[in-house]
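Structure assessment
Spelled out from the first residue to the last, the chains are:
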Amino acid sequence: MTDSLSRTQVHPVDQMLPTGRLITLGFQHVLVMYAGAIAVPLIVGRALQLPPEEVAFLISADLFVCGLATLIQSLGMTQYFGIRLPVMMGVTFAAVGPMVAIAGQTPGTDGARALFGAIIAAGLIAILLAPLIGRVLRFFPPVVTGTVILAIGISLMPIGINWIFGLPVGPTAPMLVDPAQQAWLDGAIAAGGVPEGLRLAPAMPNPAYASGTNILIAVLVLGTILLVSRFARGFMANIAVLLGIAVGGVAAAAMGLMQFDKVGEAAWFAVIKPFHFGLPTFDPVMIVTMVLVMIVVMIESTGMFLALSDMCRRPINSRGLAAGLRADGLGTMLGGIFNTFPYTSFSQNVGLVGVTGIRSRFVCVAGGIIMIVLGLIPKMGALVESLPTTVLGGAGLVMFGMVAATGIRILSRVDFTANGHNLFVVAISIGMAMIPLVAPNFKQWLPHAIHPLIHSGILLAAVSAVALNWFYNGAAPADEAELAEAGRLADH
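Once a new chain begins, its residue numbering starts again from 1 and follows that chain's sequence as written. In keeping with the predicted nature of the model, local features appear solely for residues at pLDDT of at least 70, side-chain atom pairs appear and are counted solely at 80 or more, and the whole-chain, interface and lining totals rest on all residues. As a rule here, side-chain values cover all heavy atoms of the structure and leave hydrogens and water aside.

So, about the side chain of Ser464. Numbering goes from the N terminus for both helices and strands, where a helix is a DSSP run of H or I of at least four residues and a strand is a run of E of at least two. Here Ser464 lies in helix H21 (residues 457–473). For Ser464, a relative accessible area of 10% puts it in the buried group. Counting of polar contacts relies on pairs of N or O atoms within 3.5 Å, with two restrictions inside protein: one atom must be capable of donating a hydrogen and the other of accepting it, and residues adjacent in sequence are counted only when both atoms are side-chain atoms. Only 3.0 Å separates the side chain of Ser464 from the side chain of Ser429, close enough to count as a polar contact. Only heavy atoms matter for contacts: two residues are in contact if any of them lie within 4.5 Å across the pair. Excluding residues within four positions of it along the chain, Ser464 makes contact with Ile428, Ser429 and Met432. Exposure categories follow from relative accessible area, calculated using a 1.4 Å probe and restricted to protein chains: below 20% of the type maximum is buried, above 50% is exposed, and the middle band is partly exposed.

Within the largest apolar cluster, 146 residues are counted, with the highest numbers of intra-cluster contacts made by Phe93, Met99 and Phe341. Among the elements that take part in this core, helix H2 (residues 19–47) stands out by supplying 16 residues, more than any other. Here Phe341 is in contact with Val40, Pro41, Val44, Leu58, Val91, Met99, Leu115, Phe116, Ile119, Thr332 and Gly335, once residues within four sequence places are set aside. Nonpolar cores are built from buried Ala, Val, Leu, Ile, Met, Phe, Trp, Tyr and Cys residues. Side-chain atoms within 4.5 Å join them into one set.

Glancing now at the packing of aromatic side chains. Working definition: rings of Phe, Tyr and Trp (its six-membered ring) pair if their centres are within 6.5 Å, and the pair is stacked with planes under 30 degrees apart, edge-to-face with planes over 60 apart, and tilted otherwise. Counting across every chain of the model gives six aromatic pairs. Considering the side-chain rings of Phe57 and Phe277, the 6.2 Å spacing of their centres and the 75° angle between planes classify their relative orientation as edge-to-face. Within this pair, whereas Phe57 is found in helix H3 (residues 52–75), its partner Phe277 is found in the loop between helix H12 (261–265) and helix H13 (284–312), the two being separated by 220 residues in sequence. Residue Phe277 is classed as buried on the basis of its relative accessible area of 9%. Put simply, the rings of Phe57, Phe116, Phe277 and Phe341 touch in pairs and so form one group of aromatic residues.

This part takes up the confidence of the model for the protein chain. Every residue gets a pLDDT, meaning the predictor's confidence in that residue, from 0 to 100. Taken over all residues, the pLDDT of the protein chain has a mean of 82, while the share at 70 or more is 92%. Here helix H1 (residues 2–8) stands out as the element of the protein chain with the lowest mean pLDDT, 46, in contrast to helix H19 (residues 421–438), whose mean of 92 is the highest.

Packed helices, taken two at a time, are described by their axes: the angle between them and the distance between them. Interaxial distance between H3 and helix H17 (residues 378–385) falls to 8 Å at its minimum, and their mutual angle equals 120°. As the angle between them shows, H3 and H17 are arranged oblique. Where H3 crosses over H17, the two elements pack in a sense that is right-handed. Touching Pro52, Val55, Ala56, Ile59 and Ser60 of H3 are Pro378, Gly381, Ala382, Val384 and Glu385, all from H17. For this classification, the nonpolar set comprises Ala, Val, Leu, Ile, Met, Phe, Trp, Tyr, Cys and Pro, the charged set comprises Asp, Glu, Lys and Arg, and every other residue, Gly included, is treated as polar. Among the residues forming the contact of H3 with H17, the class breakdown is seven nonpolar, two polar and one charged. As a rule, the C-alpha atoms of each element are fitted with a line to give its axis, helices using only the stretch in contact, and angles between N-to-C directions run from 0 to 180 degrees. Just so you know how the angles are binned, under 35 degrees is roughly parallel, over 145 roughly antiparallel, 65 to 115 roughly perpendicular, and the rest oblique. Crossings are sorted by hand: turned counterclockwise from the far helix by less than a right angle, the near helix makes the crossing left-handed, and turned clockwise it makes it right-handed.

A few words on a nonpolar patch on the surface. Within this analysis, patches are made of residues with over 30% relative accessible area and no salt bridge. Like charges are joined at 9 Å or less; nonpolar side chains (Val, Leu, Ile, Met, Phe, Trp, Tyr) at 5 Å or less. Residue exposure ignores everything except the shown protein chains as possible cover, and the areas themselves are Shrake-Rupley values with a 1.4 Å probe. One speaks of a salt bridge when a side-chain nitrogen belonging to Lys or Arg is within 4 Å of a carboxyl oxygen belonging to Asp or Glu. On the surface, Leu216, Met255 and Leu257 cluster together into a nonpolar patch covering about 270 Å² of accessible area. Secondary-structure assignment places Leu257 in the loop between helix H11 (240–254) and H12. With a relative accessible area of 36%, Leu257 lands in the partly exposed category.

What follows is the structure, given as structure tokens:
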């Protein structure tokens, strides 16, 4: 009788399920987040121009730290770290724009070391800022958070589009230099009399750009995602993107577009070593950039935690919220140390909690352990890296578009009728986000040191939205109900 009573007093969040069920439900959480988890290391690794085996390593490192950060957040680590709710942690898309900008400025291992240094510093600063974040919530009402998340989606869309058709520069550029003309120029240079630095302009259409095969595969991936999301229910609908990537990968392999040499060479087991690319370097401007990203991430996490606490019927106080935000910062620090990126709670998995009704945090603990195991299997990272970019492009349209749609959903709650000033906040901030996309060379006469900061349309939009909202609307105290509702709207 006593045992029965004690079991009934265990809160559903703290309920330990049978091992078999824990593993099954944990694997379900892993599948839901897997497509999003692998996208960021692929984007940043290729932006850094790293060789395929190093990009595969980034994928493995990311899965490994996803698991570590999930354990810290869901299981808890001392009273200072972890929200102790069913949370799966993954790399935030909010950081992709700034990280690609940093990679573009300094590619290769030097860029990787600078990037990881900025991430470590930003994670440490986020840990220190966590207890104070409540004081800045007033500057991030739904009109600001919705605008920033919309800007993130818009800024990411060109990546997915270029994955389908080809990058604007390099072997897949739309136009190439005519080889016959280049041979003539080389001969003229050898003979002398040609001005130094003379280059031919690309004038020949590139057959590798926007090829029919690439478009066909991308359409197949997108069509699979649409069909699964339309006709499947529950869990299957939640992994529509992953299923689309799988179908596209099989089709690409059947067409001979996938090379499995690196998969065969990769080991079955390898430890993720810290500082794989060398000791990090710390650039002040890059650190400021990543700190601004972390502030946006923590604001988004706050709304997510409040929504999840309401969903799980376990209220959280300011101390618990600070512990959850510190775990975001610690996960980000670990990301920099283990050669990966900033971490936050994945909204897809918060939505899965609502769909399944399973509130036990130990399900996410099991998911975290599975992610760690996957990260220790290099063949998994090599297999993902071998996917043609066109496969990821079809899925990228959905993933990045869903980020933008989430921002629109949050903005749908904003009063634009009674307060027309909110229109100015959104309109101007989205315009600021578009500047680096439409005019990427706008910064050519500005100080080089600030290029990584202003190259990100996401950060330009964030600064603009915060400043304009304060200018027009002031800074009213944060409403927890509004934050929680914004968190619910982000569950997609």
